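Residue strings, one per chain:
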Amino acid sequence: MFGIFKKIFGTAQGRLLKKQGRLVKKINQTEKVLQKLSDAEVKAKTAEFRERYAKGETLEDLLVEAYAVVKNVCRRLLGTDVHVSGYDQEWDMVPFDVQLLGAISLHYGSIAEMQTGEGKTLTSSMPLYLNALSGKPVHLVTVNDYLAQRDCEWMGAIFKWLGLRVEALTNEIPPNERKDLYNADIVYGTSSEFGFDYLRDNSMAQSAEEQCQRGHFFSIVDEVDSILIDEARTPLIISGPTNDSKQMYDVLQKSVADVVKVQRDHCGKLVTKARKTLEKLGQISEGDERKKLSKQAQKEANEAFRSLWLVNKGNPHNKVLRRIKENPDLRAEIDKLDVYFYAEPNKEERFKTLAQLYLIVDEKASEYELTDQGIHYWVESIEGTSENDFLMLDLGHEYALVDEISDLDEQGKMQRKVALREEDAKRKERSHNLRQMLRAHLLMEKDVDYIIEQGKIVIIDENTGRPQPGRRFSDGLHQAIEAKEGVKIQGETQTYATITIQNYFRMYDKLAGMTGTAMTEANEFKEIYKLEVMAIPTHRKCIRSDADDEIYMTEREKYNALVTDIQKIHGEDRPILIGTESVEVSEKLARILRQNKLPHTILNAKNHEHEAEIIATAGKPGAITVATNMAGRGTDIKLKEGIAGKGGLHVIGTTRHQSRRIDRQLRGRCARQGDPGTSKFYVSFEDTLMRLFTSPRITMFLQRFRPPEGEPISAKVLNKSIETAQKRVEQRNYTIRKHTLEYDDVMNKQREEIYSFRNEVLHAKDSIPLAEEILEHVCIEMAGEYFVSRSTEEGWNPEGYRQWLVTHFPVTFETKAFDNDYLVVEEIEKLAVDKVLEAFKHKLKHQKNALSEMHKAMNPDSKQEVDADSIMSEVSRSLLIRNIDGRWQEHLLHIDHLRTEVSVRSIGQKDPLLEFKHEAFALFDTLSREIKVEIAHALFKFEMVMPEPQLPKTQTIDLPRSKPKTKSKKTKTERKLLSPLIDLSMLDLE
Ligand code: ADP
Ligand code: MG
């Protein structure tokens, strides 16, 4: 029975598995005993465990028994009907030993690597149950809403049997039901739902009651690589409309399209001319030897190759160029030039050559650049442009110039400076918009990076091919694409709150994950999340047969071979699953299949809502399913009767993906649970991966071993070099993710600080003492600025401090109140604080009186007194929150700008991250001071006024909301404030 553990003895993992293997044995023994108990006795276990936990036993102490209970419940459920995803399913699962093993790893915070179909859903039920016994929040993260619902219903059979409450948190759950939902023992949901709720709790909620989460104790992330690695590249952002939009994407669109077109035409001419030359010189004849050239002719040919190289830099997708590059000899010539131009001594020559272009596109680094020529064209030939589009102001310098103007009074100077600042902001915005427009045109492709759905640009996750409605490319790129595609440009948005997936999940006390493919990224999991990967053996031996890759020179040949393969397997009546890299490719392949009269189903971002249905039929005889990489994560393809005898599911990869993990995932779709299955990848030298990331040595190799048209190249070196290319890309993507995270880490500290301050305000029973504390703080902090040291005149400024106090607060001090040689700073502070606090008390009293008066006026017959204290507390609470939120949002905007700015500075040999840290810190320092001063200010400014009768009663402080949905029901606090007596419109701010 324990044969599975033997193989892996010896390794460190093996030793751990062995230890855990002993636990498995104990669980099974314990479960045997449970079999003799009545249902009621087993049900009573939950209460017993909880009690023991309360008395000091740890979850580890309870593990064996708790897991045994879950296993036993599964046994008791056998044969009963469970309602899942709309229909009744018979329960037929009792955890296998390997599942117990995975379940143990999960509890100890590892990633359990278990292949597709091994039953991860059931595995996770055990640690979920165990950890929920603590009463603390336990979450299971799924890749989509459908799975959250499905797994919640499915595993709910166990949990409910044991008296636990389990809920699915899907997008449909309205905000006002979420708080209650989070009270469940176990919550299933997607990372977006959990993450956005966290952000909303901390940036939108106006009262403690409005906050829905109750902490972060234990989380298991299903398909952990997909979430912590693929999705981790885009942070979660809550944004909303901004008041002063300066964006000018619509204005810039025509101009950018113009310059892009000029470049395309220019490259088109270059490539046509080059091809003619090469044809004339006999260099482009199919198949044959290339003609030997005279010296003069060679020179001409070289010129042509240079043109081609240039086109490669300016318009890498040019069709003629791609056709030419199908010929390995010609391709080698172009690659050779790359090596030549990037050698240090030829730098100047490279710059000179590239200067002929308008734009330079570096597909590999995903970068681009407008050349001098491009800028010249922009300024001279396009209407409504100017060189100011590229010239930024040096504000410090400009201000100094203004100061020097002698015949201008202070007022006039101020006006000039304001005008300069506006001009500066406008130029920055324009140049930023321009950069994003160029990016949209040069590097973002329709049906690859995004699709257009009902007049909206929808992002497609590049790894899974899943559409991500609701998410937007950040920093204006989304608007730029909207302008490019001519759909409605959404209003400029402003970030209200943001967090990376990484930092969200790091908040959990305990994190665990499961997936079929984690080993290739084990290093990243460890470094970033401190998660170890545990490879769990399969229940039955995997008998999948993986064929070697077939590699072709051209895409054309690749597709021909692919279709032949499909026809053959289809003829055997076996089902086929074909993985493609993008929506575009999936549609292209579908066209080819249609031409060949091969019936098929497409599963891509455009029809993903049928995913479960499509996958459910993908195991039927003769089924052909063309899918993007999303291919049924979480729903597995079960073979229909008789298929196993024919060889099982055949999986075809239409290219190698940039990450090996995604390839492994595709392969793993077949041969589950000991089924037979086969898989094969088809690759061509025109595939992006090969085009961009294989070494030029390969081209040289191909020159020597070019196979005849239609024949695959089979050479072991190629397999190796594909893998090297993949590793290179993986490494690069890892660096990008790490980079995002390094920046977010800076923000994370600030976010934590602000959120905890905000939470203190929200959770304080009475907010007035907090307000007073802030007033005190501000007085003391300002004293620190006016009284540094008595030794210099500027260092000791009693009059300045007095002035500051009387202008900021309704207080008076005698002229020389602080100008006394015997006063120490502490005494000065006390004088100030006492007076300000007294003034505040006075203010409150006054307002409370006003309230009573109004109450009486509006309810002449009422005998009830108004609870003015609690109303004051709520009013001051909203003032605090409103100020914190406003300034924090502004801060986020500054940080966004700072990020763009420092990345430009990297050119000046400075470490952008270091620069960013410094300045972000300084900005935050200013922010924390200014927030307090502003709050102090506001505390003296509000007035309770009579609501205007015609005003609708529902008007509230106009705080931004993330989704319109959030607006729904009024929360308790609001309701209290809106009670017949008071409404927030009574709050008159200035
Ligand atoms: P994974 O998430 O690992 O790909 P699932 O949790 O979706 O796998 O389960 C795959 C299939 O295996 C399901 O149909 C499930 O019913 C079945 N299964 C899982 N565990 C068991 C078990 N212990 N006994 C029988 N069938 C099981
Ligand atoms: Mg699963």
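Residues numbered from 1 in each chain as written. Chains lettered and ligands numbered in written order. Predicted model: local features only at pLDDT ≥ 70, side-chain atom pairs only at ≥ 80, totals over all residues. Heavy atoms only, no water.

What to know about the overall build of the protein
Thinking step 1. In terms of regular secondary structure, the protein is built from 36 helices and 24 strands.
Thinking step 2. Its C-alpha radius of gyration of 34 Å places the protein within 12% of the 30 Å reference for a compact globule of 990 residues.
Thinking step 3. Expressed along its principal axes, the backbone C-alpha trace of the protein runs to roughly 100 × 90 × 60 Å.
Thinking step 4. Here the protein, with 990 residues, has 53% of them falling under the buried criterion. (Helix = DSSP H or I, 4+ residues; strand = E, 2+ residues; numbered from the N terminus. Rg over C-alpha atoms; globule rule 2.2 N^0.38 Å. Buried < 20%, exposed > 50% of the residue type's maximum accessible area, 1.4 Å probe, protein only.)

Some thoughts on a positive patch on the surface
Thinking step 1. A cluster of basic residues, Lys18, Lys19, Arg22 and Lys26, forms a positive patch at the surface.
Thinking step 2. Mapped onto the fold, Lys19 is located in helix α2 (residues 12-34).
Thinking step 3. Residue classification places Lys19 among the exposed residues on the basis of a relative accessible area of 53%. (Patch = residues over 30% accessible without salt bridge, like charges linked within 9 Å, V, L, I, M, F, W, Y side chains within 5 Å. Areas by Shrake-Rupley, 256 points an atom, 1.4 Å probe, with all protein chains shown as cover. Salt bridge = Lys/Arg side-chain N within 4 Å of Asp/Glu carboxyl O. Lys, Arg positive; Asp, Glu negative; His and termini not counted. Charge placed at Lys NZ, Arg CZ, Asp CG, Glu CD.)

What about the side chain of Ser105?
Thinking step 1. Counting through the fold element by element, Ser105 comes out in helix α6 (residues 97-107).
Thinking step 2. Given the relative accessible area of 0%, Ser105 is considered buried.

Observations concerning the confidence of the model for the protein
Thinking step 1. On average, residues of the protein carry a pLDDT of 86, and 92% of them reach 70 or more.
Thinking step 2. Under a pLDDT of 50 for its full length, residues 950-990 has, in the predicted model, 86 contacts with residues more than four places off or in other chains. (pLDDT = per-residue confidence, 0-100. Contact = heavy atoms within 4.5 Å.)

Structural notes on the packing of aromatic side chains
Thinking step 1. This model, assessed by the stated rule, comprises 20 aromatic pairs.
Thinking step 2. Measuring from centroid to centroid gives 5.2 Å for Tyr340 and Phe341, while their planes differ by 70°, and the two rings are edge-to-face.
Thinking step 3. With a centroid separation of 5.4 Å and an interplanar angle of 50°, the aromatic rings of Tyr801 and Phe818 are classed as tilted. Taken together, the residues span a long stretch of sequence, with Tyr801 in helix α32 (residues 798-808) and Phe818 in the loop between α32 and α33 (825-858) at a distance of 17 residues.
Thinking step 4. Exposure remark for Phe818: the relative accessible area of 1% places this residue in the buried category.
Thinking step 5. Taken together, the ring pairs connect Tyr198, Tyr504, Phe505, Tyr508, Tyr755 and Trp888 into an aromatic cluster.
Thinking step 6. The aromatic ring of Phe681 is capped on one face by Arg656, whose charged end is 4.3 Å from the ring centroid.
Thinking step 7. Residue placement shows Lys843 over the ring face of Phe942; its charged tip is 5.0 Å from the ring centre. (Phe/Tyr/Trp six-rings, centres within 6.5 Å; stacked < 30°, edge-to-face > 60°. Lys NZ or Arg CZ within 6 Å of the ring centre and 35° of its normal.)

With respect to a negative patch on the surface
Thinking step 1. Taken together, Asp81, Asp88, Glu90 and Asp92 make up a surface patch of like negative charges.
Thinking step 2. On the basis of relative accessible area, Asp92 is assigned to the exposed category, the value being 60%.

What to know about the nonpolar core
Thinking step 1. In terms of nonpolar packing, the biggest core is built from 106 residues, with Leu228, Phe505, Phe525, Tyr801, Leu805 and Phe809 touching the most fellow members.
Thinking step 2. Per-element accounting of this core gives the leading share, 13 residues, to helix α34 (residues 868-905).
Thinking step 3. Grouped together as the second largest cluster of nonpolar side chains are 62 residues, Val70, Trp154, Phe159 and Phe218 included. (Core = buried A, V, L, I, M, F, W, Y, C linked by side-chain atoms within 4.5 Å.)

Some remarks on the site of ligand 1
Thinking step 1. Surveying the vicinity of ligand 1 reveals 18 residues, the closest of which are Val94, Gln99, Gly117, Thr121 and Lys638.
Thinking step 2. A distance of 2.8 Å separates a nitrogen atom of ligand 1 from a polar atom in the backbone of Val94.
Thinking step 3. Within the contact set of ligand 1, an oxygen atom lies 2.5 Å away from a side-chain nitrogen or oxygen of Thr121.
Thinking step 4. In terms of residue count, helix α7 (residues 120-132) provides more of the shell around ligand 1 than any other element does, three residues in total.
Thinking step 5. Partitioning the shell around ligand 1 into residue classes produces six nonpolar, six polar and six charged. (Near = heavy atom within 4 Å. Polar contact = N/O pair within 3.5 Å; in protein donor to acceptor, adjacent residues only side chain to side chain. Nonpolar A, V, L, I, M, F, W, Y, C, P; charged D, E, K, R; others polar.)

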